[in-house]
Amino acid sequence: MAYKDFVNDKNKGILKDVLLFYGAEDFLMNWAVESIVNDYVDEAARDIDLIHLEGEQVTAAEIVAQARAYSMFSDKRVVIVRNYQPLYKGVPDIHGDDLLTFAAAPQDQSVVIFIVDSRNPDLSAYGKKLAKSCGAYEFARLDKADLKAFITKRVHNAGKMISRRSLEHIMDVSGYYNKGSGYDLAQLDTDISKIVKACEGDDISEGLIEEIMIGDSDRFVFNLVDALVAGDRGKALDIAEAIIRDEDGAMAVLALLTKQFEIMYDAVELNEKGYSISQMAKKTGINEFRFKRAFNAAGRYSKRRIGKILTELYNTDRDIKRGNIDKDVALELIAISACP
């Protein structure tokens, strides 16, 4: 069952007394735990009635013993077990079968919540057995409708407004749906907080979104590529010199520049095959925002020219590592030579 199932079951009052949370979104799991704690544990009694057990050390017998102890001042005791190893590593526990039996039964005195963090995404065979015994919920990445609601709620709660276009832009820039992306709701929540605090007016603009959410190195690369595409060697050289002054950033930017030209090459090839930008981004697993930038830039070059620039970038990386050329000089030369 998913996040929405948890919300529905909680609202209906039909959550089981032993729960298992797992999936890609730690932010949602932590929210769900907090909501249960708020329901059952008196705030003044959380040192006594809220129990945290570390799964790397705790045993099934210890979990059951803690769960069977009565609360002192709260409606129920809440026992949180984080990353209990048998659930994802398959590490045997001598009393593991007893825990399965315990998890399937109602618990008058406690709520037990097993949490498997997102860094341990796959349940073991034992974990799947426990999931069948208790109330299990997978907190996967939000779908687009829920993600839009997540962003909009936080923006409106801060007293700001956001257009549909800017909302889509946040989603694109974040790369939340990129294959293999490590960007999650916790990071998005932090970025939204930064955006609303930096917003001077009522409406959040696309420019502000990019300013907050795009890292300095990415911003340098986008600006450098824009200057190259425009054929403005002077501006490209100015940007290169700014990168050199900015905490010795030449190597990082050269790596990102190489990646951007690789995307441009892919964009030309896939465009020749009739793919849309969304299809290209999905096929390559690249942030759609980054892909759009690369696709637009690629239109000023021939496929052959992009290939030659890539060869030059690969050779430059090799020569820097061999000590044949200074990295700062290399970046300046690329800024001069890579114009259409």
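Before reading on, note that the structure itself is shown above.
These figures come from a predicted structure and were not determined experimentally.

Across the sheet, which stays open at both edges, the 5 strands sit in the order β2-β3-β4-β1-β5 with parallel pairing between neighbours. Each having just a single partner strand, β2 (50-54) and β5 (135-138) make up the two edges of the open sheet. Strand-to-strand, the axes of this sheet are offset by a mean angle of 15 degrees, without reference to chain direction. Of the pairings in the sheet, the one linking β2 to strand β3 (residues 77-82) comprises 5 bridges and is parallel in character. Residue pairing for β3: E54 is matched across the bridge by R82.

Core analysis: the biggest nonpolar cluster contains 43 residues, and F21, I113, I151 and L188 have the highest contact counts within it. Of all the secondary-structure elements, those providing two or more residues to this core are β1 (18-22), α2 (26-40), β3, β4 (110-115), α7 (144-157), α8 (164-174), α9 (185-198) and α10 (206-213). At 6 residues, α2 tops the list of elements feeding residues into this core. In this structure, I113 is in contact with L19, F21, V33, I36, V78, V79, I80 and V81, ignoring residues within four places of it in sequence. Ranked by size, the runner-up nonpolar core spans 40 residues in total, among them A240, M264, A297 and A335.

In this structure, the largest pocket encloses a volume near 340 Å³. Considering only residue class, the lining of the largest pocket consists of 5 nonpolar, 5 polar and 6 charged. Together, Y3, F27, L28, W31, L142, D146, A149, F150, K153 and R154 line the second largest pocket. Put simply, the parts of the chain that give the lining of the second largest pocket at least two residues each are α2 and α7. Take the lining of the second largest pocket: its biggest share by element is 5 residues, from α7.

With that settled, the discussion passes to the packing of helix α4 (residues 60-68) against helix α5 (residues 96-104). At their nearest, the axes of α4 and α5 sit 8 Å apart, and the two run at 30 degrees to each other. Taken together, the axis directions place α4 and α5 in an arrangement best described as roughly parallel. Residues A60, I63, V64, A67 and R68 of α4 touch α5, and the partners they reach there are G96, L99 and F102. For the contact of α4 with α5, the per-class residue count stands at 6 nonpolar, 1 polar and 1 charged.

Two numbers describe a pair of packed helices, the interaxial angle and the distance between the axes. In contact at an axis separation of 10 Å, α7 and α9 are set at 35 degrees when each is read in the N-to-C sense. For the pair α7 and α9, the sense of crossing is right-handed. The residues of α9 that touch α7, namely those facing L147, F150, I151, R154 and V155, are L185, L188, D189, I192 and V196. For the contact of α7 with α9, the residue count by class is 8 nonpolar, no polar and 2 charged.

Our next topic: the pairing of β1. With 5 of 5 residues buried, β1 lies mostly within the body of the structure. Judged by which residues are buried, β1 turns out to be covered on both faces: V18, L20 and Y22 on one side and L19 and F21 on the other are all buried. Pairing of β1 with β4 involves 4 bridges; the strand directions are parallel. From the neighbouring strand, L20 faces β4, where its bridge partner is F114. The pairing of β1 with β5 spans 4 bridges and is classified as parallel. Bridge pairing in β5 links F21 to Y137.

For β4, the tally of buried residues reaches 6 of 6 residues, placing the bulk of the element in the interior. On β4, burial covers both faces: S110, V112 and F114 on one face and V111, I113 and I115 on the other are all buried. The sheet contact formed by β3 and β4 spans 6 bridges and is parallel. Opposite R82, over in β4, you have I115 as the bridge partner.

If you trace the backbone, S166 turns up in helix α8. Judged by relative accessible area, S166 falls into the buried class, the value being 4%. A polar contact is formed between the side chain of S166 and the backbone oxygen of I204, at a distance of 3.1 Å.

Cut-off values and rules
- Residues numbered from 1 in each chain as written.
- Predicted model: local features only at pLDDT ≥ 70, side-chain atom pairs only at ≥ 80, totals over all residues.
- Heavy atoms only, no water.
- Pairing = 2+ DSSP bridges.
- Helix = DSSP H or I, 4+ residues; strand = E, 2+ residues; numbered from the N terminus.
- Axes fitted to C-alpha atoms, helices over the stretch in contact; angles between N-to-C directions.
- Core = buried A, V, L, I, M, F, W, Y, C linked by side-chain atoms within 4.5 Å.
- Buried < 20%, exposed > 50% of the residue type's maximum accessible area, 1.4 Å probe, protein only.
- Contact = heavy atoms within 4.5 Å.
- 1 Å grid on protein atoms, 1.4 Å probe; cavity = no way out; pocket = protein on both sides within 12 Å on 5 of 7 lines; lining within 4 Å.
- Points joined across faces, edges and corners; volume = space filled by probe spheres on them.
- Nonpolar A, V, L, I, M, F, W, Y, C, P; charged D, E, K, R; others polar.
- Parallel < 35°, antiparallel > 145°, perpendicular 65-115°, else oblique.
- Left-handed = near helix turned anticlockwise from the far one by under 90°.
- Polar contact = N/O pair within 3.5 Å; in protein donor to acceptor, adjacent residues only side chain to side chain.

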